[in-house]
Amino acid sequence: MASTISNLQRHRPPATSQPKVTQDPVWVRWLLTTIALLFVAFFLVLPLASVFAEAFRRGINAYFAAFNDPDALSAIRLTLLAAVVSVPANLVFGVAAAWAITKFSFPGKSLLITLIDLPFAVSPVIAGLIYVLVFGLQGWFGSWLSDHDIKIIFATPGIILATTFVTFPFVAREIIPLMQAQGTDEEYAAITLGASGWQTFWRVTLPNIKWGLFYGIILCNARAMGEFGAVSVVSGHIRGETNTIPLHVEILYNEYNFVGAFAMASLLAVLAIITLVLKSFIEWKFQQGRAEA
Amino acid sequence: MSIIATGITKTFGAFKALNAVDLVVPSGKLVALLGPSGSGKTTLLRIIAGLEQADAGSGRIEFHGEDVSNTTAGKRGVGFVFQHYALFKHMTVADNIAFGLRVRPRAERPSENKIAERVAELLKLVQLDGLDRRFPSQLSGGQRQRVALARALAVEPKVLLLDEPFGALDAKVRKDLRRWLRQFHDEIQLTTIFVTHDQEEALEIADEVVIMNQAKVEQVGSPQEVYDRPSTPFVYQFLGNVNVLRDIAAWSATGPIHDNGRLAADGLLYVRPHDIAVTRHEPGALGVPAVFRHAHTAGSQTLISLELLHTRETVEAEISRTELAELAIKLNDLVLLRLRPSHTFQHDYAI
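In this text, all values refer to a predicted model and were calculated from it rather than measured experimentally. (Residues numbered from 1 in each chain as written. Chains lettered and ligands numbered in written order. Predicted model: local features only at pLDDT ≥ 70, side-chain atom pairs only at ≥ 80, totals over all residues. Heavy atoms only, no water.)

Caption draft 1: The arrangement of the overall build of chain A in detail. From N to C terminus, chain A includes 15 helices and 0 strands. Along the longest, intermediate and shortest principal axes, the C-alpha atoms of chain A span 60 × 55 × 30 Å. A total of 293 residues make up chain A; the buried ones form 39% of that total. For chain A, the accessible surface area stands at approximately 16600 Å², while carbon and sulfur atoms represent 70% of it. (Helix = DSSP H or I, 4+ residues; strand = E, 2+ residues; numbered from the N terminus. Buried < 20%, exposed > 50% of the residue type's maximum accessible area, 1.4 Å probe, protein only. Areas by Shrake-Rupley, 256 points an atom, 1.4 Å probe, with all protein chains shown as cover.)

Caption draft 2: Layout of the pattern of salt bridges. Residues and elements named next belong to chain B. Using the criterion set out here, one finds 29 salt bridges over all chains in the structure. The shortest N-O distance in the salt bridge between Glu 313 and Arg 246 comes to 3.7 Å. Pair noted here: Glu 313 is in the loop between β15 (301–308) and β16 (314–320) and Arg 246 is in the loop between β11 (243–245) and α9 (248–252), with a separation of 67 residues, a long-range link. In this structure Arg 246 comes out as exposed when scored by relative accessible area, which is 55%. Each of Lys 175, Arg 178, Arg 179, Glu 200 and Glu 204 takes part in salt bridges that share partners, so that together they form one network. (Salt bridge = Lys/Arg side-chain N within 4 Å of Asp/Glu carboxyl O.)

Caption draft 3: Up close: a nonpolar patch on the surface. A surface patch of nonpolar side chains, amounting to about 840 Å² of accessible area, comprises Leu38(A), Phe39(A), Val40(A), Phe42(A), Phe43(A), Leu44(A), Val45(A) and Leu46(A). Within the secondary structure, Leu38(A) sits in helix α2 (residues 26–55). (Patch = residues over 30% accessible without salt bridge, like charges linked within 9 Å, V, L, I, M, F, W, Y side chains within 5 Å.)

Caption draft 4: Here's a closer look at helix α3 (residues 112–125) of chain B. Residues and elements named next belong to chain B. Between its terminal C-alpha atoms α3 stretches 20 Å, which fits the 20 Å expected from 14 residues at 1.5 Å a residue. Those residues of α3 that fall on the buried side of the exposure criterion are Ile 115, Arg 118, Val 119, Leu 122 and Leu 123. The arc that holds the buried residues of α3, viewed along the axis, is 135°, so those residues lie on one side. Of the exposed residues in α3, the ones pointing more than 90 degrees away from its buried face are Asn 113, Lys 114, Glu 117 and Lys 124. (Expected span 1.5 Å × (residues − 1). Arc of directions from axis to C-beta.)

Caption draft 5: Highlighting helix α3 (residues 60–67) of chain A. Within α3(A) the residues assigned to the buried category are Tyr63(A), Ala66(A) and Phe67(A). Viewed end-on, α3(A) has its buried residues packed into an arc of 105°, placing them on one side of the element.

Caption draft 6: Looking closely at the pairing of β15(B). Residue and element names in this part refer to chain B. Counting buried residues in β15 gives 7 out of 8 residues, a clear majority hidden from the surface. Strand direction decides the pairing type here: strand β14 (residues 288–296) and β15, joined by 6 bridges, are antiparallel. The residue of β15 that forms the bridge with Val 291 is Glu 307. Once β14 ends, the chain turns through 4 residues before running back antiparallel as β15, passing Gly 299 with a positive phi of about 130°. Two elements, β15 and β16, share 7 bridges in a ladder whose sense is antiparallel. Pairing of Leu 303 across the sheet is with Glu 318, part of β16. Where β15 folds back onto β16 in an antiparallel hairpin, the turn is made up of 5 residues, including Arg 312, whose phi is positive at roughly 60°. (Pairing = 2+ DSSP bridges.)

Caption draft 7: Main features of the packing of aromatic side chains. According to the stated counting rule, one finds 24 aromatic pairs over all chains in the structure shown. Judged by centre distance (6.2 Å) and plane angle (80°), the rings of Trp211(A) and Phe281(A) are edge-to-face. Linking Trp211(A) in helix α12 (residues 197–226) with Phe281(A) in helix α15 (residues 258–292), this pair joins segments that are 70 residues apart in sequence. The structure contains a cluster of three or more aromatic residues connected by ring pairs, namely Phe56(A), Tyr63(A), Phe64(A) and Phe67(A). The aromatic ring of Trp180(B) is capped on one face by Arg146(B), whose charged end is 5.8 Å from the ring centroid. One cation-aromatic arrangement involves Arg272(B) over Tyr227(B); the distance from NZ or CZ to the ring centre is 4.2 Å. (Phe/Tyr/Trp six-rings, centres within 6.5 Å; stacked < 30°, edge-to-face > 60°. Lys NZ or Arg CZ within 6 Å of the ring centre and 35° of its normal.)

Caption draft 8: How the structure looks around the interface of chain A and chain B. Across the contact, 18 residues belong to chain A and 21 residues belong to chain B. Across the interface of chain A and chain B, roughly 1800 Å² is buried in total on both sides, 63% from carbon and sulfur atoms. Contact with chain B buries surface across chain A, with Thr192(A), Leu193(A) and Arg203(A) losing the most and accounting together for 36% of the total. At the surface where chain A touches chain B, the tally comes to 1 salt bridge. In this structure, Lys89(B) engages Glu186(A) in a salt bridge whose closest nitrogen and oxygen atoms are separated by 2.7 Å. Scanning the region where chain A abuts chain B turns up 3 residue pairs in polar contact (both at pLDDT 80 or more). Its residues placed into classes, the side of chain A that touches chain B shows 9 nonpolar, 5 polar and 4 charged. (Contact = heavy atoms within 4.5 Å. Buried area = accessible area lost by both parts, 1.4 Å probe. Polar contact = N/O pair within 3.5 Å; in protein donor to acceptor, adjacent residues only side chain to side chain. Nonpolar A, V, L, I, M, F, W, Y, C, P; charged D, E, K, R; others polar.)

Written as structure tokens, this is what we have:
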């Protein structure tokens, strides 16, 4: 959705370049701008600022002390691990799916397109529950798994699975429209020039989609690190073992350890800011690429 | 390198794009595949290139007597140029042209020096010297199309296939570039097929024109043959203006009609505007009476619209400006029309 809005912005000329007759009266423009800015200030900027304010309330030492806790470190490690596994998995899946959807026609293609969107449509809590039902002790594979001493639910594999599920659409969604717009002529040209499928992918397709791909990856990563609902269901909240950063924030907050909770939350806030900066940079690059084309 | 396609059929779902099409392209010729959109011409070209597969078990493609029906596009040795250039946007002109050489297996790959030499040579050939560092986005449409051509030629293809090569260009550039292509073809003598829907383009530069309609080949011949002696009503109407006259009896009273019986099947007479002679209406003179309705005088020839008195059909005649001046007719004057002897098919003209 966010990308749809920014797509619109990319193609619209700035309002100032419009002829006067097509512009709204001054008061309308001011009113709309003020409403938008106030909304952003109250609902986005203020909470973000308060995260940092709360985190540093007892001073910088208390802030860093919050990270000097084995449970916190374990939560950070687990979050990174979940992202490191799920983002590449979704990258491979996303590129493969986008390639299949845009370059071939096969039965079940529209079903695949619909299914890619499933994680967006379904509540993350349901997503977590699905895995509990399938892999949990009372689930379909539960007895088989416990016989073989494999733990998925209330353990790291479950967290990785849930994270992968909710971040599933990001990469594919971002590059499918891009690859559809670019068509197949360049690939065909490469093939008639004697390139193999692999060479065509690395030398022609990938350079054409690289910015879209980066965009998908950073959004995917932001969601992977920030996911709460699905992970919460499969985690079991075992301290130092199955808590990710968002889960740890909740635990600390419920224990009235505000500095600790907000210090951990500030990590996610910084991640969000980095994501936004990267996102703007990539959009800018994207626009340049488009202007050239 | 000759190209022979025999019995090619291609269906997309319920739509038949090609219906048992045969095509023979003699070595070294420049052949145009001409037809309206949806006639199957691009599909045929793509099947020849190997970018599309003909329906299973339907016919074969031969390059110089060798069956290539099951050879992949990359191994057929074709140079393919796309309507929208399909240049690699992220590569410079030089890198685009070198692409086909760089993707070769290591053993067959020329050294970077050799590649650079070859690129320079090709840039010169397509008259784009000095543009090697540019990106495709910095070139005009005509330049891009020539880069695409140079890129296709870099791998020394045995045949050159062009899909609507001038389709995306504006009228002036299009004309210049097609003349350039003709000269270029005379220089390199590579068997070439190009697809076009522009009859003027096909008639101007091709050695041979293959006219396609509704998944079939309608006629094959030199530009003059297909223009002067169309074998079907479709070809007659597709190549240039034509009057379709219903009243054969009235016209045959003005002089002999010869159409070798080819068009008589539908009981209609197909006459080009320049094969109708216009004379002043004089009592007792021979001719089909018509009313002068309109004249388009912009151009070297004058195209005049006339309404036949008896059938109320509109007929167009093309006469020179001098002839029009000599006629000294005003709008709504009555004139007489006759078929010029030149419209007839010569009997000794065997196809």
